[in-house]
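# Structural overview for review
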Amino acid sequence: MAARRRSATVADPQVLKALAHPVRQELMTLLVGGEVFTATQVADRVRMTPSAVSHHLRQLEKYGLARRAPGSRDGRERLWESAVDDLTIAASARHEVGVLAIEAILTREIELLIERLRRQRTLASAGRHIVGLSRLDVWVTPDEAAQLDRDIEGLLRPFARRTGRRHPKNTEYRVFVYSLLPDEPPLPPATGQRSR
């Protein structure tokens with residue numbers, strides 16, 4: 001029997017504010033990806049001291065996103081793991097703190113996408129298949145947007161249980177990013193054009 005997924009949907013302004021910090025975002029990416037580590041092991045990666053990393057991990061623990069993992073080798077070095085399998089920012093989190101947190105998260109994601117893009121040449125020369133980036137603008141009703149979001153989640157669900165520690169052989173780490181944010185159309189409808 002498969003273990004029950006631990007999903008977290010965040011709308012609380014305090015949690016959103018905690019998640020807005022780029023180091024906490026990086027730590028959550030590692031944790032949700034299945035990594036288990038001590039503050040010392042990850043300090044260089046996030047460019048902070050072990051004590052600063054411990055502080056950020058304790059903040060994530062405070063909001064139920066990280067937890068102490070069993071199996072620490074000694075009492076001083078604590079192992080950390082994710083307390084959730086996936087994390088979603090609620091659509092209702094549109095107040096100022098929510099928007100600022102989402103902006104911070106998107107800014108970090110864009111930085112990471114640019115880093116990945118710069119590594120593509122090396123990966124492609126090593127024979128790795130690169131899918132790339134695509135954009136498709138769509139006109140959808142609110143109900144259709146909600147259904148599209150559910151459909152995409154359904155497509156990804158079979159892969160969601162795979163982590164850095166649990167995945168089939170010959171798999172590659174890939175990043176899937178999508179947005180269904182509403183926007184104003186780039187141009188107003190032409191004169192006389194009607195909606196169908």
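Our structure is the block above this text.
This write-up is about the structure you can find in this document. (Residues numbered from 1 in each chain as written. Predicted model: local features only at pLDDT ≥ 70, side-chain atom pairs only at ≥ 80, totals over all residues. Heavy atoms only, no water.)

### Observations concerning the side chain of S82
Assignment of secondary structure puts S82 in strand 3 (residues 80–82). Judged by relative accessible area, which is 7%, S82 ranks as buried. (Helix = DSSP H or I, 4+ residues; strand = E, 2+ residues; numbered from the N terminus. Buried < 20%, exposed > 50% of the residue type's maximum accessible area, 1.4 Å probe, protein only.)

### Concerning the nonpolar core
Formed by 23 residues in total, the largest nonpolar core has its most connected members in L27, L31, V53, L57 and L60. Of all the elements in the fold, those that place two or more residues in this core are strand 1 (7–10), helix 1 (13–19), helix 2 (22–32), helix 3 (39–43) and helix 4 (50–62). Looking at which element gives the most residues to this core, the answer is helix 2, with five residues. What L57 contacts, discounting residues up to four positions off in sequence, is L27, L31, F37, A39, A66 and W80. (Core = buried A, V, L, I, M, F, W, Y, C linked by side-chain atoms within 4.5 Å. Contact = heavy atoms within 4.5 Å.)

### Here's the deal with the side chain of H56
Its place among the elements puts H56 in helix 4. Residues in contact with H56, not counting those within four places in the same chain, are H21, V23, R24, L27 and M48.

### Observations concerning the pattern of salt bridges
If you walk through the whole model with that rule in mind, you get three salt bridges. R68 is paired through a salt bridge with E61; the nearest N and O atoms lie 3.0 Å apart. Overall, E61 belongs to the partly exposed group, its relative accessible area being 28%. With its nearest N and O atoms 2.7 Å apart, the salt bridge here joins E81 to R67. Taken together, the residues span a long stretch of sequence, with E81 in strand 3 and R67 in strand 2 (residues 66–68) at a distance of 14 residues. Given the relative accessible area of 19%, E81 is considered buried. (Salt bridge = Lys/Arg side-chain N within 4 Å of Asp/Glu carboxyl O.)

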